[in-house]
Amino acid sequence: MVSIFPVALLVLCALSLAQAQLRLFNLRASNLPSDLLSTVDGYVKVFCGATSLGKTAVRKDTANPWWEEEFNYFHALENDEVTLEVYDADLLFDDLVGVCQRQLQPGTHQHDCFLKKGGTLHYSYTLG
Ligand SMILES: [Ca+2]
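Residues numbered from 1 in each chain as written. Predicted model: local features only at pLDDT ≥ 70, side-chain atom pairs only at ≥ 80, totals over all residues. Heavy atoms only, no water.

- An unreviewed UniProt entry annotates the protein as Protein C2-DOMAIN ABA-RELATED 1-like of Poecilia reticulata.

Shown next as structure tokens:
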């Protein structure tokens, strides 16, 4: 008699390793901190694992920016870590306001992430 257990295990592995499409969208921030020397000019860099998915445009002179960019990645895996780095663009060196990291789960999710130097990043993603 041939056990079907190894086959079932194989199928499970294949399912859990199946690449999925990640769509990250609706990026907004609120109450970004200002410094004395410059306006708050926010932008966000997006990564999935070690892969850079790009960055948003700079929203000049607002503590409550929103970004219309969407980020798509077709090789995402469940439990991959998505990283969002929020910066304040400045003349010489851009300030890192905070970093948000989260492990991807199937479905559509909306998250608020408190940034180290102040303010909150809001974003949504769909994995599926
Ligand atoms: Ca600035």
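Further notes follow.
**Re the coordination of the calcium ion**
Then comes step 1: Taken together, the protein donors to the calcium ion comprise Ser 38 (OG), Thr 39 (O), Asp 41 (OD), Asp 88 (OD), Ala 89 (O) and Asp 90 (OD), at separations of 2.3 to 2.5 Å.
Then comes step 2: Geometry at the calcium ion is irregular, judged from its six donor atoms and the angles of 63 to 151° they form at the metal.
Then comes step 3: Positions of the donor residues of the calcium ion along the chain correspond to the pattern S-T-x1-D-x46-D-A-D. Taken together, the residues Ser 38 in the loop between β1 (20–30) and β2 (42–48) and Asp 90 in the loop between β6 (81–88) and β7 (95–103) connect sequence positions 52 residues apart.
Then comes step 4: Look at Ser 38 and you get partly exposed, because its relative accessible area is 24%.
Then comes step 5: Assessed through its relative accessible area of 21%, Asp 90 is described here as partly exposed. (Donors = N, O, S within 2.8 Å, 3.2 Å for Na, K, Ca; no water. Tetrahedral: all angles 85-135°; square planar, octahedral: opposite > 155°, others 65-115°. Helix = DSSP H or I, 4+ residues; strand = E, 2+ residues; numbered from the N terminus. Buried < 20%, exposed > 50% of the residue type's maximum accessible area, 1.4 Å probe, protein only.)

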